[in-house]
Amino acid sequence: MKIDWTKMGHRTHKQAMALATILASALLTINPAHAGSISRIEADGSQITISFDDLVEGASTFSLAGPDRIAIDVQGGKAGRGGFATGIVKAVRQGQYNPNTARIVFDLDRPAVITNGSFSDDGKSLNLRLRSVGQNQIASGRQSFLPPLKFRAEPPKKSYSVKMSLGKPKDSVRLPKIYGPDDPSRPLVVIDAGHGGHDPGAISPHGDAREKNVTLAIARAIRDRLVAGGRVRVALTRDSDEFLVLEERYGIARRLDADLFMSIHADAAGNESASGATVYTLSEVASDREAAKLAARENKANIINGINLGEAGRDVSSILIDLTQRETMNVSADFAKLLHRESSRQMTFRKIPHRYASFVVLKAPDTPSVLFETGYLTNKDDVAFLNSSQGRTKVAAGVASAIESHFARKLAMR
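Residues numbered from 1 in each chain as written. Predicted model: local features only at pLDDT ≥ 70, side-chain atom pairs only at ≥ 80, totals over all residues. Heavy atoms only, no water.

Examining the sheet that holds strand β5 (residues 69-75)
- Read across the sheet, five strands follow the order β8-β9-β5-β4-β12 without closing on themselves; strand pairing throughout is antiparallel. Of all strands in the sheet, those with a lone pairing partner are β8 (89-98) and β12 (143-145), marking the two edges. Across the sheet, the mean angle from the axis of one strand to that of its neighbour is 20°, orientation sign disregarded.
- Looking at chain direction, β5 and strand β9 (residues 101-108) are connected through seven bridges and run antiparallel. Looking at the pairing, A71 lines up with V105 of β9. (Pairing = 2+ DSSP bridges. Helix = DSSP H or I, 4+ residues; strand = E, 2+ residues; numbered from the N terminus. Axes fitted to C-alpha atoms, helices over the stretch in contact; angles between N-to-C directions.)

Remarks on the pairing of strand β4 (residues 58-64)
- Most of β4 is tucked away, with five of its seven residues classed as buried.
- Two strands pair when backbone bridges link them, and β4 and β5 are joined in this way by seven bridges, in the antiparallel orientation. The residue of β5 that forms the bridge with L64 is R69. (Buried < 20%, exposed > 50% of the residue type's maximum accessible area, 1.4 Å probe, protein only.)

Here's the deal with the confidence of the model for the chain
- Of the residues in the chain, 75% have a pLDDT of 70 or more, and the chain-wide mean is 78.
- With pLDDT under 50 throughout, residues 285-321 is counted as low confidence; its partners more than four residues away or in other chains account for 50 contacts. (pLDDT = per-residue confidence, 0-100. Contact = heavy atoms within 4.5 Å.)

Quick word on the nonpolar core
- Among the nonpolar cores identified, the biggest contains 41 residues, and I191, M262, F372 and I403 are the most heavily contacted of them.
- Discounting chain neighbours no more than four positions away, the residues touching M262 are V190, I191, D192, F335, L339, V370, F372 and V399.
- One finds F52, V92, A102 and F145 within the second-largest nonpolar core, a separate group that totals 26 residues. (Core = buried A, V, L, I, M, F, W, Y, C linked by side-chain atoms within 4.5 Å.)

A closer look at the sheet that holds strand β14 (residues 188-193)
- Pairing within the open sheet is mixed, and its six strands lie in the order β15-β14-β16-β21-β17-β20. Two strands close off the open sheet at either side, each with one partner strand: β15 (233-236) and β20 (349-357). The sheet shows a mean angle of 20° between the axes of neighbouring strands, direction not considered.
- Bridge count for strand β17 (residues 277-282) against strand β21 (residues 369-376) is three bridges, and the pairing is antiparallel. The partner of T278 across the bridge, within β21, is E373.

Quick notes on the environment of P187
- Mapped onto the elements of the fold, P187 is located in the loop between β13 (157-158) and β14.
- With 45 residues separating them in the primary sequence, P187 and V232 have C-alpha atoms 5.2 Å apart.
- Filtering out sequence-adjacent residues up to four positions away, P187 remains in contact with R231, V232, R233, D259 and F407.

Details of the side chain of T215
- Structurally, T215 is set in helix α2 (residues 211-229).
- For T215, a relative accessible area of 0% gives the class buried.
- Within polar-contact distance, the side chain of T215 engages the backbone oxygen of G194 at 2.9 Å.
- Setting aside its immediate chain neighbours within four residues, T215 contacts A193, G194, R238, I264, H265 and A266. (Polar contact = N/O pair within 3.5 Å; in protein donor to acceptor, adjacent residues only side chain to side chain.)

Examining α2
- When the terminal C-alpha atoms of α2 are compared, their 27 Å separation across 19 residues agrees well with the 27 Å that a helix rising 1.5 Å per residue should span.
- Taken from the residues just after α2, G230 is the one with a positive phi, measuring 75°. (Expected span 1.5 Å × (residues − 1).)

Some words on the pattern of salt bridges
- Enumeration over the complete set of coordinates arrives at 16 salt bridges.
- Between E404 and R231 there is a salt bridge, with the nearest N and O atoms lying 3.6 Å from each other. Taken together, the residues span a long stretch of sequence, with E404 in helix α7 (residues 389-413) and R231 in the loop between α2 and β15 at a distance of 173 residues.
- Residues participating in the shared-partner salt-bridge network are R220, R223, D224 and D239. (Salt bridge = Lys/Arg side-chain N within 4 Å of Asp/Glu carboxyl O.)

Topic: the pairing of β9
- Summarising burial for β9: seven of the eight residues are buried, a large majority.
- In the sheet, β8 pairs with β9 via eight bridges, with the strands oriented antiparallel. Across the sheet, the residue bridging to G95 is R103, located in β9.
- Remark: two residues form the turn of the hairpin made by β8 and β9, two consecutive strands paired antiparallel.

Quick word on the environment of A253
- Residue position: A253 is located in helix α3 (residues 246-255).
- Residues A253 and V189, spaced 64 residues apart in sequence, show a C-alpha to C-alpha distance of 8.1 Å.
- Each residue touching A253, except ones within four places of it in the same chain, is listed here: V190, A258, F261 and T367.

Notes on the packing of aromatic side chains
- Applying the stated criterion across every chain, the model contains two aromatic pairs.
- Their ring planes at 20° and their centres at 6.0 Å tell us that F349 and F372 sit as a pair that is stacked. Placement of F349 in strand β20 and of F372 in strand β21 is noted, with a sequence separation of 23 residues between them.
- Above the plane of the ring of Y179 lies R223, whose end atom (NZ or CZ) is 4.7 Å from the centre. (Phe/Tyr/Trp six-rings, centres within 6.5 Å; stacked < 30°, edge-to-face > 60°. Lys NZ or Arg CZ within 6 Å of the ring centre and 35° of its normal.)

Below you can see the structure in the form of structure tokens.
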């Protein structure tokens, strides 16, 4: 049978597919099961206890590095708020990962793993054992735990489902507006407000301030201060309560060919006396690992500092990426010192103000990047400072002074 694919046929086909999608969506029904809300979380030394007010389907745990964390996904669970932490665990965060899964994240003060765990006999609590390990002992993969069968919630039932190929993913994030002088020769700074959308970040026990809102307000203040100075151009990765995955954040900076990337955060700690700001840059070990991953990609058509890696062999690509990233790390570290010097006139820093870590948002190989933890939302004085217009003005003044000095220094070195 011969089929002529005309424009009219193409339109008819698209309309039919759209109708089929609507019908499939209408047929897709989910019969919700019992959902147990997380009623209490206690992390005391090497013991973690998570309590629920109803039955859940099960839980799985996995480890994360840079910074060190342990995440727990509770299937058939609803997120609650906060939790108690002491010992290895320095802070607890939780949120709704998807409609049927609550995610709990334990921020650690040193590398650790879950050694064993089990649900209680009535399925209403999960007990886990935690043990400190070396950085190279953190294993990938998940551990799963199930409640007793008679006290296990049934997963949601789907009466109909449709699967289709979505094709190769593309950059789905729209590039943000660039503020400042209409002059492409001026340096471009991308400011990233951490967290957003369904991810609130740290939640303060003093007034319920959420990290996603605090970081956005600070990012806007920095943007406004830089625009008023007129020396650089500025873009925000997000200017609303929007969620971006980590790779999209520094990906925006790379797509805009930014000269500097800064991610703004506000930390949480189990000890409420912890206070002060910290500047993080990428660690040497993380750089080498990331360079290896980049070089191993089959498609090496990325252009780094004007060099098309698609035209180089694997070994040459690895060397080029490594050299580029090492230089980028040096520039980032120099800026971190400058940021501390300029901002310490406006705000308090921790005893060790500049630290190295393997944050994903710092891994753009050709964009100098820093992560600025502006303070602790668990500290009463810090949250009052960061959540006030006067405090944000001081943070913005220090950051803007560092950025303007950084590019003035680079211009003088030419």
